[in-house]
Structure formats: C-alpha cells, structure tokens
Amino acid sequence: MLNDEILEEYINGFYGYGDLNAPLWFVGMEEGGGNSVGEINKRIEVWKNRGSQETEDLFDYDCKIGITQFFGQRAKLQTTWNKLIRIVLSTRDDKFDIENIRDYQNRFLARKSSETCILELLPLPSPSTTEWLYGDHSKIYYLRNRDTYRNVVVKFRVPFIRTKLLEYMPKAVVFYGSGYKDYWTEIAGIDSFTDIKYGIRFQKKGETTFICSQHPASKGITSEYFHRIGQLIKEETVL
C-alpha cells in the first residue's frame, strides 16, 4: 500500500520544480511516472526527507529517486522537457541543436536559482490519463478514481498557484495542455487567451505574458511550434 500520511502531505504541499523567482514559468497538467507503488512511495519519501519543499531542484530530486537517464553525457532527451527548453533557447536566439538542448537539460532546467520553474496542476505522477493505480493502493477517499481526485485537488491547487503567481510575478507563463484552458485562465486571472501571434494564443496582464500552448507530447506538434512560442515571448516580454 501507499504511505497515505506522506502521500496526502505531498498532494497538498508539492507543486513542481525549479525556482519560483524565475522569470519564466511552465505550468502543466501532471508529470509522468508513477508506474508502481514502490516508485511512488520512493518519490514521496524522498520529498519528505528533503524538507517537504513546494518546489524541488529537478536534477537533485530526480537523481535521488533514481531517474538518471535524462542527465549526464549520454542523457536521453525527455519528451516534454526538450520542447520547453526549445522555448527558453528561442527567447534569446540561442542555438537549439540537440547537444545544446541536452546541455540545458543537464545543467539548467528547473534548477534552484535558475531562470525556469515547472509547476503541475495535479500533483500525482501517472503514466497516462487512462491509468490510475492510486484507487487500489490508497485509502484516501478522493483517490478512488481520477475524476474525483481532480475535482477535489483543483479546488485548492488552482488558488494556490494563483497566489504564488501574484506573489512572484513571473514575466511569462506558458500553460501547456489546451484541454485545461479553463484552469489556466483561472490561474492567470483572465477571461480568455484573446490574442494570437504566430498561431499561438496568449494574453498579457500587467507585466506577465500568459500563453496557452499545446502539450509537447501532442500528436502532430512540431519543434517549430515551440520555437514560435519562444519568439513570441521574446517580442512581448522583457525577461
């Protein structure tokens, strides 16, 4: 069984990776992983032992839980991360060849004191939106199925992320996963993403540019799409 006491602390207290002071935030639906009870217990116990932080250093945390294939000289490019990195590099016209992307993933992405922060609307890792092992291995009532879980946790996670956004005022926020647009507008405090540039929907509010992006793992989405997001941020925002 899952360690429900720590699991519930994790659900309430863990929001993602990187530095909340970063000028560029990425906000997604949930992270992948969570393929077994053992893996999930390791994730939450390492998080607890490292101080139950709202955001973790991506490299340090992943190495502690045994996810090492995305780091080092032969690092595998992670499907979602490498598209987010393309956005970052495109904001400053850096080269986005494979080795440059690998180097950024290795050394900079969502690290503490970095320029990026990756937050998740839903806290629990899952291999896909069609799989859900928590209901069979936890006694927490709202984990009995994915719909109940989502309906419960968004009620406190949406306002929490909104509060952090108002506190830290990032220069640009990229929400990825257009199917969650209603949550993205609520977090951003806007009615909709009314402006379009380079085929990308966005909305500016105050000093922040909010962007609604397709998910990096969506079928048919090209690398060029994410380069255009970076170009949009470069033109609309002073990072």
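Our structure's up above, just so we're on the same page.
Summarised in this report is the structure supplied together with it. Keep in mind it's a predicted model, so treat the numbers as computed, not measured. Residue positions are given per chain, counting from 1 as you read along its sequence in written order. The predicted origin of the model limits local features to residues at a pLDDT of at least 70 and limits the giving and counting of side-chain atom pairs to 80 or more, whereas totals for whole chains, interfaces and linings rest on all residues. Side-chain calculation: all heavy atoms of the structure are included, whereas hydrogens and water are not.

## What to know about the overall build of the chain
Alright, step 1. For the purposes of this entry, the term helix denotes a DSSP run of H or I that reaches at least four residues, the term strand denotes a run of E that reaches at least two, and both are numbered from the N terminus. Summing up its helical and strand segments, the chain has nine helices and eight strands in all.
Alright, step 2. We take the radius of gyration over the C-alpha atoms and set the globule estimate at 2.2 Å times the residue count to the 0.38 power. What you see for the chain is a C-alpha radius of gyration of 17 Å, in line with the 18 Å of a compact globule of 239 residues.
Alright, step 3. Each of the three principal axes of the chain carries a C-alpha extent, and together these read 50 × 45 × 35 Å.
Alright, step 4. Burial statistics for the chain: of 239 residues in total, 53% are counted as buried. A 1.4 Å probe rolled over the protein chains alone gives each residue an accessible area, and that area as a share of the maximum for its type sets the label: buried under 20%, exposed over 50%, partly exposed in between.

## Things to note about the nonpolar core
Alright, step 1. Think of a nonpolar core as a cluster: buried Ala, Val, Leu, Ile, Met, Phe, Trp, Tyr and Cys residues, connected wherever their side-chain atoms sit within 4.5 Å. The biggest cluster of nonpolar side chains holds 75 residues, and the ones touching the most others in it are Leu 7, Phe 26, Leu 124, Leu 143, Phe 175, Trp 184 and Ile 229.
Alright, step 2. Dropping the residues within four chain positions of it, Phe 175 is found in contact with Val 27, Trp 184, Ile 187, Ala 188, Phe 193, Phe 210, Ile 211, Cys 212 and Ser 213. Residue contacts are counted whenever heavy atoms from the two residues lie within 4.5 Å of one another.

## Observations concerning the pattern of salt bridges
Alright, step 1. Salt bridges are defined as contacts in which a side-chain nitrogen from Lys or Arg sits within 4 Å of a carboxyl oxygen from Asp or Glu. Tallying each qualifying case throughout the model produces 16 salt bridges.
Alright, step 2. We note a salt bridge from Arg 102 to Glu 99, for which the minimum N-O separation is 2.4 Å. Of the two residues, Arg 102 and Glu 99 are both situated in helix α5 (residues 98-107); the distance of three residues between them amounts to about one turn of the helix.
Alright, step 3. Taking relative accessible area as the criterion, Arg 102 reaches 15% and is therefore assigned buried.
Alright, step 4. Here Glu 236 makes a salt bridge to Lys 197, at a shortest N to O gap of 3.0 Å.

## Side note on helix α1 (residues 4-13)
Alright, step 1. All buried positions along α1 are accounted for by Asp 4, Ile 6, Leu 7, Tyr 10, Ile 11 and Gly 13.
Alright, step 2. Contact partners of the buried residues in α1: α2 (37-49), α3 (58-64) and α7 (146-168).

## Here we look at the sheet that holds strand β3 (residues 55-56)
Alright, step 1. Strand order in the open sheet made by the eight strands is β3-β1-β4-β2-β5-β8-β7-β6, with mixed pairing throughout. At either end of the open sheet lies a strand with only one pairing partner, and these are β3 and β6 (195-197).
Alright, step 2. Pairing between strands is defined by DSSP: at least two bridges between the two strands are required. Strand direction decides the pairing type here: strand β1 (residues 16-18) and strand β4 (residues 116-120), joined by three bridges, are antiparallel. Residue pairing in the sheet places Gly 18 in a bridge with Cys 117 of β4.

## Quick look at the pairing of β4
Alright, step 1. In terms of burial, β4 is largely enclosed, as five of its five residues are buried.
Alright, step 2. Of the two faces of β4, the one holding Thr 116, Ile 118 and Glu 120 and the one holding Cys 117 and Leu 119 are both buried throughout.

## Structural notes on the packing of helix α4 (residues 79-91) against α5
Alright, step 1. Relative to each other, α4 and α5 sit at 100°, their axes nearing to 10 Å. Judged by the angle between their axes, α4 and α5 are roughly perpendicular. Facing α4, whose interface residues are Trp 81, Asn 82, Ile 85, Arg 86, Val 88 and Leu 89, α5 presents Ile 98, Asn 100, Ile 101, Tyr 104 and Gln 105.
Alright, step 2. Gly falls in the polar group here, along with every residue not listed as nonpolar (Ala, Val, Leu, Ile, Met, Phe, Trp, Tyr, Cys, Pro) or charged (Asp, Glu, Lys, Arg). Broken down by class, the residue content of the contact of α4 with α5 amounts to seven nonpolar, three polar and one charged. Helix axes are fitted only over the stretch in contact, all axes being lines through C-alpha atoms; the angle between N-to-C directions runs from 0 to 180 degrees. Oblique is the label for every angle not falling under 35 degrees (roughly parallel), over 145 degrees (roughly antiparallel), or within 65 to 115 degrees (roughly perpendicular).

## Looking at the packing of α4 against helix α9 (residues 223-236)
Alright, step 1. Orientation of α4 relative to α9, taken along the N-to-C sense of each, is 40°, at an axis distance of 7 Å. Relative to α9, α4 is oriented oblique. Considering the relative orientation of α4 and α9, their crossing is right-handed. Each of Lys 83, Arg 86, Ile 87, Ser 90 and Thr 91 in α4 lies in contact with α9, whose residues at this interface are Ser 223, Phe 226, His 227, Ile 229, Gly 230, Gln 231, Ile 233 and Lys 234.
Alright, step 2. A per-class count over the contact of α4 with α9 returns four nonpolar, six polar and three charged. By the definition used in this description, the sense in which the near helix is turned from the far one sets the handedness, with an anticlockwise turn below a right angle giving left-handed and a clockwise turn giving right-handed.

## A word on the side chain of Thr 209
Alright, step 1. Tracing the chain through its elements places Thr 209 in strand β8 (residues 208-213).
Alright, step 2. At 2.7 Å, the side chain of Thr 209 forms a polar contact with the side chain of Thr 237.
Alright, step 3. Ignoring any residue separated from it by four or fewer positions in sequence, one finds Thr 209 in contact with Lys 171, Ala 172, Val 173, Phe 202, Gln 203, Lys 204, Leu 232, Glu 236 and Thr 237. Under the rule applied, a polar contact is a pair of N or O atoms within 3.5 Å (in protein, one hydrogen donor and one hydrogen acceptor; residues adjacent in sequence only if both atoms are side-chain atoms).

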